[in-house]
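What follows is each chain in one-letter form.
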Amino acid sequence: MTKQTSLEAITEERLQKLERLRQQGFNPYPNRYRRSHTASEAVALLGTQEAAGTEERGEVSVAGRVTARRDMGKISFIDLRDGSGKIQLLCSNALGEEARRVLKEIDIGDIIGASGKVFRTRTKEPTIETTDIVMLAKSLRPLPEKWHGLADVDKRHRQRYLDLIANPGVKEIFETRSRVIAKVRQFMNRRGFIEVETPVLQPEAGGALARPFVTHHNALDQDFYLRIALELHLKRLIVGGLERVYEIGRIFRNEGLSHKHNPEFTMLECYQAYADYRDVMKLVESMVAGVCRKTRGSLTAQFVGHEINFKPPWKRLDLREAVKSFSGIDYAECPDAASLGNAMVKIGMTVDPNKDRGRLIDELISTYVEPNLVQPTFLVDYPRDMSPLAKNRPDNDRVVERFEAFAGGMEIANAFTELNDPGEQRRRFREQVAGRSAHTEGEEWTIDEDYLEALEYGMPPTGGLGVGIDRLVMLVTGQESIREVILFPQLRDKP
RNA sequence: GGGCCGUUAGCUCAGCUGGCAGAGCACCUGACUUUUAAUCAGGUGGUCGCAGGUUCGAGACCUGCACGGCCUACCA
């Protein structure tokens, strides 16, 4: 008999095993299996019985994926892995007649159920002396290699399930992600915030400066944008008297991909009436510190070779001072885009002449300041030019009450005292539209009249916050790429 | 968008100056009643990313394309 081991041949081989099982009356995909213990519970049971000093050994039934098989003459050892861990099966004389026939057809990768008594082998390995074994789902494809795992980054992301099977650390990252989000919810709920959901499909894409995705509603025959921020709807709710609201939601930005950017990502936004940006600052550091303590057991995280300490209070840096000290440029001395651009050219930067002053300042921040902010830091008091939704400082109308939080060289939060003067908000929107449409092709920048109307009913003084959840997860899991903390990151279609 | 690197068996990877397509794991056959990266013996498995070109001869050299990674620019 000539055998081939191309992928097709391996699948063919396994299909034959499947067929043999069926011919012998076994269902290779049964509807259910009742397990009495998880793998780790079975191991624990053995431990307690040994500790009690009794001879009695518990009967268990477990289920999971076969990850290794070692045939030793007339006996076989099988490693079985479930969500809790791993346990070894010994298949020997104790195995029933039917189970023996099933055993013949078992491959690495199959999902099986097994029952028997727990014991410990000569080498102290917790093991089940298997009496019965059933096929729960026959696997038709070979798993990635057991020792090196799955290394191909592209394949890991496209077939995340293989990544999860082959690379044990991956599951941990996503468990941590889940705990981060749970902790954030708990934190907000305990402070009296209520969680809400607002539309993903919106007639205007507002609340941030970003290019939106466009889609179309057939019945309404109307184009919609996928939201680029949660902001404007949440503030409508503040107008409506929900004094503390938050949303953890997916937002979408039709822009470049990088190790810090995915087109869809998860944002926490919260708004608190009768608070200002200083209150929000305290909320952020307390929340992030709490998340870190909850997920890591300490206030520190390892990231890109640094130990980041989230213990409040975080450093506060005046934005203007920070830019001046890291780049040498005092943007307050450059009142317009032209003079600021000149100053930037002088220090060797290439300057896009289409950029307005706000964007030039932003470029100074991301080039000179952001990479240096490894320990948690608030940059405080932003120029009005780059903050259309934030309220002026009472003492300086070129500066708004806004901060961004940075850690690990990444922006993780953005917050301000919300602009609630409808007339001023309308002027700011107009400035934005005028400044952008001149040089932004294919984008229609509109004013959200519906939001302005809401403001006209009166919005209390409010502090607002946005936190990039994916980046927060990157920090506490030590992952340098956003793709490692998103289960199914955006990828180009394979041809 | 630009630069550099990569794409070889199901997986992880070698493949020199152009000269028969390789290893480990997995798979198949056999041996083995306490193994655990089991071991031992034997074996199967390839559109060398795709398309052209140079050459007596291309996995390797040249051109183009696709996909990916890193850096860089832009978007934020």
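Scroll up to find the structure this text is about.
Residues numbered from 1 in each chain as written. Chains lettered and ligands numbered in written order. Predicted model: local features only at pLDDT ≥ 70, side-chain atom pairs only at ≥ 80, totals over all residues. Heavy atoms only, no water.

A. Representation of the pairing of strand E4 (residues 111-120). Here strand E1 (residues 59-72) runs beside E4; their pairing, made up of 7 bridges, is antiparallel. Of the residues in E4, the one forming a bridge with serine 61 is serine 115. Across 10 bridges, the pairing between E4 and strand E5 (residues 126-137) is antiparallel. Within E5, the residue paired with glycine 116 across the bridge is threonine 130. Between E4 and E5, which pair antiparallel in sequence order, lie 5 residues; one of them, lysine 124, sits at a positive phi of approximately 75 degrees. (Pairing = 2+ DSSP bridges. Helix = DSSP H or I, 4+ residues; strand = E, 2+ residues; numbered from the N terminus.)

B. Fine view of the packing of helix H6 (residues 168-190) against helix H8 (residues 277-296). Contact pair H6 / H8: the axes reach a minimum separation of 9 Å and the direction vectors enclose 140 degrees. For the element pair H6 / H8, the angle class is oblique. As for how H6 packs across H8, the hand of that crossing is right-handed. Mapping the contact onto sequence places Thr176, Arg179, Val180, Lys183, Val184, Gln186, Phe187 and Met188 in H6 and Leu283, Ser286, Met287, Gly290, Val291, Lys294 and Thr295 in H8. Classifying every residue of the contact of H6 with H8 by side-chain character gives 7 nonpolar, 5 polar and 3 charged. (Axes fitted to C-alpha atoms, helices over the stretch in contact; angles between N-to-C directions. Parallel < 35°, antiparallel > 145°, perpendicular 65-115°, else oblique. Left-handed = near helix turned anticlockwise from the far one by under 90°. Contact = heavy atoms within 4.5 Å. Nonpolar A, V, L, I, M, F, W, Y, C, P; charged D, E, K, R; others polar.)

C. Quick peek at helix H9 (residues 319-327). Residues of H9 that are buried: Leu319, Ala322, Val323 and Ser327. For H9, the arc enclosing every buried residue in end-on projection is 95 degrees, short of the 170-degree limit, so these residues lie on one face. Looking at the buried side of H9, the elements it contacts are strand E14 (315-318), helix H11 (357-369) and strand E15 (377-383). A positive backbone phi angle near 90 degrees is found at glycine 328, which sits one or two residues after H9. (Buried < 20%, exposed > 50% of the residue type's maximum accessible area, 1.4 Å probe, protein only. Arc of directions from axis to C-beta.)

D. Region of the structure containing a nonpolar patch on the surface. A cluster of nonpolar side chains, Leu164, Leu487 and Phe488, forms an exposed patch at the surface whose accessible area comes to about 270 Å². Relative to the elements of secondary structure, phenylalanine 488 occurs in the segment after helix H14 (469-477). The exposed category is assigned to phenylalanine 488, whose relative accessible area is 57%. (Patch = residues over 30% accessible without salt bridge, like charges linked within 9 Å, V, L, I, M, F, W, Y side chains within 5 Å. Areas by Shrake-Rupley, 256 points an atom, 1.4 Å probe, with all protein chains shown as cover. Salt bridge = Lys/Arg side-chain N within 4 Å of Asp/Glu carboxyl O.)

E. Main features of the packing of aromatic side chains. Counting across every chain of the model gives 4 aromatic pairs. Ring centres 4.9 Å apart and planes at 75 degrees place the aromatic pair phenylalanine 378 and phenylalanine 403 in the edge-to-face group. Taken together, the residues phenylalanine 378 in strand E15 and phenylalanine 403 in strand E17 (residues 396-407) connect sequence positions 25 residues apart. According to the relative accessible area criterion, phenylalanine 403 is buried, its value standing at 0%. Grouped by ring-pair contacts, the aromatic residues Phe310, Trp314, Phe378 and Phe403 constitute a single cluster. (Phe/Tyr/Trp six-rings, centres within 6.5 Å; stacked < 30°, edge-to-face > 60°.)

F. The arrangement of the environment of aspartate 330 in detail. Following the sequence through the fold, aspartate 330 ends up in the loop between H9 and helix H10 (337-346). A relative accessible area of 6% means that aspartate 330 is categorised as buried. Ignoring anything within four residues of it in the chain, the contact list for aspartate 330 reads Arg320 and Lys324. Engagement of the side chain of aspartate 330 in a polar contact is seen with the backbone nitrogen of alanine 332, the distance being 3.1 Å. (Polar contact = N/O pair within 3.5 Å; in protein donor to acceptor, adjacent residues only side chain to side chain.)

G. Local environment of the pairing of E5. Relative to E5, strand E3 (residues 85-91) runs parallel, the two being bridged by 3 bridges. Bridge pairing links leucine 90 to glutamate 129 in E5.

H. Region of interest: the packing of helix H7 (residues 231-239) against helix H13 (residues 449-456). Put simply, H7 and H13 touch, their axes get as near as 9 Å, and they point 25 degrees apart. Classed by the angle they form, the pair H7 and H13 counts as roughly parallel. As H7 packs across H13, the resulting crossing turns out to be left-handed. Contact residues: H7 offers Leu232, Lys235, Arg236 and Val239, while H13 offers Asp450, Tyr451 and Ala454.

Purely geometric numbers; function is a separate question.
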